[in-house]
Amino acid sequence: MVGYDPRADGRNISNFEVAVAGSVSGLVTRALISPLDVIKIRFQLQIERLSRRDPSAKYYGILQAGRQILQEEGPTAFWKGHIPAQLLSIGYGAVQFLSFELLTELVHRASVRDARDFSVHFVCGGLSACVATLAVHPVDVLRTRFAAQGEPRVYKTLRDAVMTMYRTEGPLVFYKGLNPTLIAIFPYAGFQFSFYSSLKHAYEWAVPSEGKKNGNFRNLLCGSGAGVISKTLTYPLDLFKKRLQVGGFEQARASFGQVRRYKGLLDCAQQVLREEGAQGFFKGLSPSLLKAALSTGFVFFWYELFCNLFHHMKKADS
């Protein structure tokens, strides 16, 4: 069970084990979905329409983008920025799941509401994601810069990227795009946790006997559904975040097509609407939904799997 459940006090895993389960789930998931993440970021940052009918569009489809990236940059391009991405996933997973457990337990002990309510999971999920974002946002900026750069590379190593960005853009560069990130992550993570719980209850109601036997499949399926719903509802803010994070990085984007400078979140939204139309808010949605289904499904699947593993190890020792 994700989050504090007063009915499951028998599953007595420690806070440290919760953090480890969150970290490992993030690590494994990141390694598996990195290629989709790179394609999604390329789509989000492209000013031109994602259409083969636009002659100036570098990318216009998932398979076409995959082939072109492979041809021009080699297979390692799909794991560009993988080290900062893994640091992001490990740190984010640990902080988010630990915060969620502590917040839902706090709600239960304060007797404010049932800790399993949709609204409680939404608020606690959103707050836990904000805490995790504040902790790892600099790594997210580094990951985006690595994934966005073409050839020749502007940043050779992680250390080179940190030093160059700090020297040329100042310390605040590591928190570029923080406002839209926090605005987007609260409802996105809130919906993830609340819909995951709701979909699990719906699954158990629809197939009560199968729900107990195929718990891992249920977790994967419900996590994937929660990811798709959450991403669809909050996608435009994710696009704004990516556009703002590569501000000041225009020279590395020149080979991909047009580049733009944005003064902030509202200016970014206005420019996208004016130049790219309302559909511009959903550039890269297809790979993003595919990624959201896989990543959210895998995160919850691995998290629950490792929590259950820790629980059974403790039972075996006692």
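Residues numbered from 1 in each chain as written. Predicted model: local features only at pLDDT ≥ 70, side-chain atom pairs only at ≥ 80, totals over all residues. Heavy atoms only, no water.

Draft legend 1. Structural context of the packing of helix α6 (residues 178–206) against helix α10 (residues 285–317). The geometry of α6 relative to α10 is characterised by a closest axis approach of 12 Å and an angle of 65° between their N-to-C directions. The orientation of α6 with respect to α10, classified from their angle, is roughly perpendicular. Viewed along their axes, α6 and α10 form a crossing whose handedness is right-handed. From α6, Y188, Q192, F193, Y196 and K200 reach across to α10, where they touch A292, T296, F300 and E304. (Axes fitted to C-alpha atoms, helices over the stretch in contact; angles between N-to-C directions. Helix = DSSP H or I, 4+ residues; strand = E, 2+ residues; numbered from the N terminus. Parallel < 35°, antiparallel > 145°, perpendicular 65-115°, else oblique. Left-handed = near helix turned anticlockwise from the far one by under 90°. Contact = heavy atoms within 4.5 Å.)

Draft legend 2. Here's a closer look at the environment of A184. By secondary structure assignment, the location of A184 is in helix α6. The spacing of A184 and L239 is 55 residues in sequence and 9.9 Å in space, taken between C-alpha atoms. With residues near it in sequence (within four places) discarded, A184 still touches T234, L237 and D238.

Draft legend 3. Geometry of the nonpolar core. Among the nonpolar cores identified, the biggest contains 18 residues, and V2, F97, F193, Y196, F300 and Y303 are the most heavily contacted of them. Of all elements in the fold, only α1 (15–45), α3 (82–109), α4 (118–148), α6, α8 (215–245) and α10 reach the threshold of two or more residues within this core. Per-element accounting of this core gives the leading share, four residues, to α10. Not counting residues up to four positions away in its chain, the partners in contact with F193 are V2, Q96, F97, F100, H121, G125, S128 and F300. (Core = buried A, V, L, I, M, F, W, Y, C linked by side-chain atoms within 4.5 Å. Buried < 20%, exposed > 50% of the residue type's maximum accessible area, 1.4 Å probe, protein only.)

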